[in-house]
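One letter stands for each residue in the lines below.
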Amino acid sequence: MGSSSLVGGGGAAVCNNGTAVGGGGSGGGGSCCDMSLRCWCRWRLEHRWRWLSLFSSGFVFFLGCFVLYGSIATLYAWLVFKPSYDGGVRAGMGSLGCQEDNEGSWSIGVFYGDSPFSLKPIEQMNVRRDASAAWPVANPVVTCASVSDASFPSNFVADPFIYIQGDTLFLFYETKNSITMQGDIGVAKSTDKGATWQQLGIALDEDWHLSYPYVFDYQDQIYMIPESSQKGELRLYRAINFPLQWTLVKILIKKPLVDSFVINHDGQYWLFGSDHSGFGTKKNGQLEIWYSGSPLGPWKPHKKNPIYNVDKSLGARNGGRPFVYNGDLYRVGQDCGETYGRRVRVFKVEVLTKDEYKEVEVPLSFEESRKAQNAWNGARYHHLDVQQLSSGEWIGVMDGDRVGSGDSVRRFILGCASLAALAAIVVLLGVLLGAVRCIIPLNWCPHYSGKRSDTFLAWERSHLFSSKVRRFCSRLNRVPLSLRGKIKPNTCVGKFVLAVLFAVGIAMMCMGVKYIYGGNGAEEGYPLEGHYSQFTLLTMTYDARLWNLKMYVKHYSKCSSVKEIVVVWNKGTPPKLSDFESAVPVRIRVEKQNSLNNRFKLDPLINTRAVLELDDDIMMTCDDIERGFNVWRQHPDRIVGFYPRLVKGSQLKYKGENHARKHKGYNMILTGAAFLDSQVAFERYWSEEARPGREMVDKFFNCEDVLMNYLYANGSSSRTVDYVRPAWAIDTSKFSGAAISRNTQVHYRIRSNCLLKFSEIYGSLAGRKWEFDGRKDGWDL
């Protein structure tokens, strides 16, 4: 019994799908082959239209999703990652310098101490660069930016070694050239114990990678042993015109040793280095020792070489210059356990002979930063050179990095994974909405009846794996129908699932953009003339706002340039320091009288020139804070803040920021979010001249920031305020209900009265006005 038949001369042929074709009477009957061809063509045409309709609906859906999620990603990138104003000094480098590098973003810092085991960063020593710049000078003191400014484009600087000549310090370091992408040896000079450095140039540049420039004296000559493992040999250079001209003396060892140094101990010269090229060696866990009667060689291997071939976290690889303290020799090693160059470890050498070697680890007493990626060395530090100055003080140079090794690759992988997850969510949304009906092309499936060659069918039958794949694809294509049967978009549950999937898609899109486009997440300080500094964050609060204060301290303590947080406690029982989670020291200054004047009280314990007065109910990004600090460092004689006001006219009335923007200018900055000179501002505020104003502040419990603006204006005929627009700012008091000024109209009326009184006492501000600066506003004007 067949699936098709011929009935008489005028009958029609019926295809196997039940469609009649042919017919036409006794003279018009076609052959079976003709009818089969027609059936096949009809079937192909139907399936082609079906595929076209499926493709069209799916294509339109995916195109719509691409446009929608792409728009969201663009908005997210613009809001979060748009370039901020930096006045052209974010890095102060040419376009070739400080490019993102998978090896890291290394920079160099300076430390001081009474011994090698009591080193403190330069900012804790309150070093002042000069009278006009903000102090203290802060680490890092040498960066890729400062090298690039000297016309030597650099991606990072690392492996610092100091050479001392009298009161002058020379710093030799690896600088990764941004053009050749290989390491060269750079050199800088300091005449103020490392507070500032003058870039002298490139001391050594070969056709291969150079790093770890170990510099030492021998018989009144200055020598350098840089790492040349890429060349496959350890080379010794001598200075012929120190510090910029060197000549090759000899090849010490024909081995690709890394991070090597030479030291004279007990009348013998010892060479320490690591060879990672051998079979079975554990990278960054191997150490060899060689000995000789002269640093020029010949060198003989230690009897127990390799001294170490252990786990990379145990500090076998050298991490800087060895040093002698109280008659004992110490070696610095690298802990590469978590990431390459995670930290340095110090080992006391107890036995060093031709036959034996023994060392024990000793604590370095180095306190790591708790600011994570916001600290210049928050992720890792892998090199230390510490030496004693003629004054008896010890100085150390250390390199540091904000991110771990391979961070850019890791971020790219995570970003791609997020986008892949987004693609899966889009497919799922299409399935639930009916726009996607087939996940795998039909011709991949075993039950697909499309025309395939006999050769291909025979091959498929002989390959079990192919058959399993096709069965899997067939089952996968049944998923859309099953899902639409269980989750119906027109029901409440279906709409909720769609909304959740859409929200998760947005999250995946933003994560992908953040990882791929957004950088490593570090919020760095802004250098001024190649130098960094720090400021004190001061806030005034009371017991009703304690919950807010905890969040405030946790957030702002991680900002790169914050040195200390001072809490002026005006009322109630003060909290314990243990109540706060802070990356910097927190000091609570309890006041006897609840007065707004306490905000500007002279505080001899403040060790920074800059103070950021910031209300505890204002939340901004660390980058906004750093931008404001950078502007203030350029104009430390001004009040630099984030909330502008304009006082104008004969009838002075206090109005908000919109009024200032409407009239395109400002002459007052609210000190609830502003940078001030800790000495000048506070001395002015507590002068006899300001006494009537302080009495008014106590009377109205208001207007302390207005008074400070009048005192600045009265003390100078030049510009006294500067405005920096934050990317965003949140007033958390709106959520807590613990605002000091709850009634805005009453608050503004009191301030209008203050304006009239202060104008009578200190002169009017109405004649002053400064236009908004588009760069500082974050606008492109």
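The rules behind each value
Counting starts from 1 at the beginning of each chain's written sequence and moves along it residue by residue. With pLDDT at 70 or above as the cut-off, local features in this predicted model cover only qualifying residues; side-chain atom pairs require 80 or more to be listed or tallied, and sums for whole chains, interfaces and linings still use all residues. The side-chain values count all of the structure's non-hydrogen atoms but skip hydrogen atoms and water molecules. Strands qualify as paired when DSSP identifies two bridges or more between them. Helix and strand definitions follow DSSP, with helices as H or I runs of at least four residues and strands as E runs of at least two, each counted in order from the N terminus. Note on definitions: angles span 0 to 180 degrees between N-to-C directions of axes, and those axes are lines fitted to C-alpha atoms, for helices only across the stretch in contact. UniProt positions are given in the numbering used here, feature names are shortened, and annotations may be inferred rather than shown by experiment. Exposure classes here rest on a 1.4 Å probe applied to the protein chains alone. A residue is buried below 20% of its type maximum, exposed above 50%, and partly exposed in between. Here is the rule: rings of Phe, Tyr and Trp (six-membered ring for Trp) pair when centre to centre is within 6.5 Å. Planes less than 30 degrees apart are stacked, more than 60 are edge-to-face, and the remainder are tilted. In this scheme, Lys NZ or Arg CZ marks a charge over a ring once it lies within 6 Å of the ring centre and within 35 degrees of the ring normal. The directions considered for the arc run from the helix axis to the C-beta atoms. Here, residues are in contact when the closest pair of their heavy atoms is within 4.5 Å. Put simply, angles under 35 degrees are roughly parallel, angles over 145 are roughly antiparallel, angles from 65 to 115 are roughly perpendicular, and the rest are oblique. For any helix crossing, the convention is left-handed if the near helix is rotated counterclockwise from the far helix by under a right angle, and right-handed if that rotation is clockwise. In this charge count, Lys and Arg are treated as positive and Asp and Glu as negative; neither His nor the chain ends contribute. Definition used for salt bridges: Asp or Glu carboxyl oxygen within 4 Å of a side-chain nitrogen of Lys or Arg. For patches, a residue must show more than 30% relative accessible area and have no salt bridge; joins then use 9 Å for like charges and 5 Å for nonpolar side chains, namely Val, Leu, Ile, Met, Phe, Trp and Tyr. Per-residue and other accessible areas were derived by the Shrake-Rupley procedure at a 1.4 Å probe size, with only the shown protein chains allowed to occlude residues. A charged residue contributes its charge at one atom only: NZ of Lys, CZ of Arg, CG of Asp or CD of Glu. Gly falls in the polar group here, along with every residue not listed as nonpolar (Ala, Val, Leu, Ile, Met, Phe, Trp, Tyr, Cys, Pro) or charged (Asp, Glu, Lys, Arg).

K.L.:
Would you explain the sheet that holds strand β11 (residues 221–227) in this entry?
P.N.:
Here we have 4 strands laid out as an open sheet, ordered β10-β11-β12-β13, and antiparallel in their pairing. Pairing within the sheet leaves two strands with one partner each, and these edge strands are β10 (211–218) and β13 (245–253). Between one strand and the next, the sheet's axes are offset by a mean angle of 30 degrees, whatever the strand orientation. Pairing of β10 with β11 involves 6 bridges; the strand directions are antiparallel.

K.L.:
Help me understand the UniProt feature "transmembrane region" (unreviewed entry) in the protein chain in this model?
P.N.:
The residues that UniProt annotates with the feature "transmembrane region" (unreviewed entry) are residues 52–79, 412–436 and 496–517. As a span, residues 496–517 carries 100% helix and 0% strand, and end to end its C-alpha atoms are 31 Å apart.

K.L.:
Explanation requested: the pairing of strand β12 (residues 234–241) in the structure shown.
P.N.:
Each regular strand displays side chains that alternate between the two surfaces of the sheet. Strand direction decides the pairing type here: β11 and β12, joined by 2 bridges, are antiparallel. When the sheet's bridge partners are listed, Met224 is paired in β12 with Tyr237. Hairpin connection of β11 to β12: 6 residues between the antiparallel strands, including Gly232 at a positive phi of 85 degrees. Sheet topology places β12 next to β13; 7 bridges connect them, and they run antiparallel. Within β13, the residue paired with Ala239 across the bridge is Trp246. What sits between β12 and β13 in their antiparallel hairpin is a turn of 3 residues.

K.L.:
Help me understand the pairing of strand β8 (residues 183–190) in this model?
P.N.:
Of all the 8 residues making up β8, 7 are buried; the element is thus mostly covered by neighbouring parts of the structure. When strand β7 (residues 168–177) meets β8, the two strands line up antiparallel, connected through 8 bridges. The partner of Leu169 across the bridge, within β8, is Ser190. Here β7 folds back onto β8 in antiparallel fashion, the turn holding 5 residues, of which Met181 has a positive phi close to 60 degrees.

K.L.:
I tried to follow the packing of aromatic side chains on my own but got confused; where do I start?
P.N.:
Centre distance and the angle of the planes are the two values used to describe a pair of aromatic rings. By the definition in use, this model includes 39 aromatic pairs. Judged by centre distance (5.5 Å) and plane angle (40 degrees), the ring pair of Tyr69 and Phe502 falls under tilted. With a gap of 433 residues between them, Tyr69 in helix α1 (residues 32–81) and Phe502 in helix α7 (residues 492–517) connect regions that are remote in the sequence. Given the relative accessible area of 29%, Phe502 is considered partly exposed. Here a set of aromatic residues connected by ring pairs shows up, and it is made of Phe161, Tyr212, Tyr214, Phe216, Tyr218, Tyr223, Phe261, Tyr269, Phe272 and Tyr357. Here the guanidinium or amino end of Arg128 rests over the ring plane of Trp135, the centre of that ring lying 3.8 Å away. One cation-aromatic arrangement involves Arg751 over Tyr654; the distance from NZ or CZ to the ring centre is 5.0 Å.

K.L.:
Before we go on, may I ask you to explain helix α12 (residues 691–700) in this structure?
P.N.:
Residue pairs spaced three or four apart in an α-helix point in one direction, given the helix's 3.6 residues per turn. Within α12, the full set of buried residues consists of Gly693, Arg694, Met696 and Val697. In a view along the axis of α12, the buried residues occupy a sector of 155 degrees, so they form one face of it. In the core, the buried residues of α12 are packed alongside α11 (680–685), α13 (704–715) and α15 (744–762). Positive phi appears at Phe701, one or two residues downstream of α12, with a value of about 50 degrees.

K.L.:
Is there a simple way to think about the packing of α12 against α15 in this case?
P.N.:
To describe two helices that pack against each other, one gives the angle between their axes and the distance between the axes. Between α12 and α15, the shortest axis-to-axis distance is 11 Å and the interhelical angle comes to 165 degrees. Classed by the angle they form, the pair α12 and α15 counts as roughly antiparallel. Once α12 is placed against α15, the crossing between them reads as right-handed. Within the contact between the two elements, α12 uses Pro692, Gly693, Met696 and Phe700 and α15 uses Ile750, Cys754, Lys757, Phe758, Ile761 and Tyr762.

K.L.:
Teacher, can you tell me more about the side chain of Asp159 here?
P.N.:
Looking at the secondary structure, you find Asp159 in strand β6 (residues 154–165). Although Asp159 is buried, it makes no salt bridge; Arg317 carries the closest opposite charge, 6.7 Å away.

K.L.:
Any chance you could explain a positive patch on the surface here in plain terms?
P.N.:
A contiguous patch of positive charge, built from Lys648, Lys653, Lys655, Lys662, Lys664 and Lys769, is present on the exposed surface. Secondary-structure assignment places Lys769 in the loop between α15 and α16 (774–777).

K.L.:
Please clarify how the sheet that holds strand β35 (residues 721–723) should be interpreted in this entry.
P.N.:
The strands making up a sheet associate through hydrogen bonds between their backbones, and the pairing can be parallel or antiparallel. If you trace the 7 strands from one edge of the open sheet to the other, you get β28-β27-β26-β29-β34-β31-β35, paired in mixed fashion. In this open sheet, the two strands that pair with only one neighbour each are β28 (586–590) and β35. Each strand axis lies, on average, 25 degrees off the axis of its neighbour in the sheet, ignoring direction. Two strands pair when backbone bridges link them, and strand β31 (residues 639–641) and strand β34 (residues 673–677) are joined in this way by 2 bridges, in the antiparallel orientation. Residue Val640 lies in a different strand from β34, and its bridge partner there is Phe675.

K.L.:
I tried to follow the packing of helix α3 (residues 407–433) against α7 on my own but got confused; where do I start?
P.N.:
Closest axis-to-axis distance for the α3/α7 pair is 8 Å, and the angle between their directions is 160 degrees. By the criterion of interaxial angle, the relationship of α3 to α7 is roughly antiparallel. In the crossing of α3 with α7, the sense of the turn from one axis to the other is left-handed. Looking at the contact of α3 with α7 residue by residue, the class counts come to 21 nonpolar, 4 polar and 1 charged.

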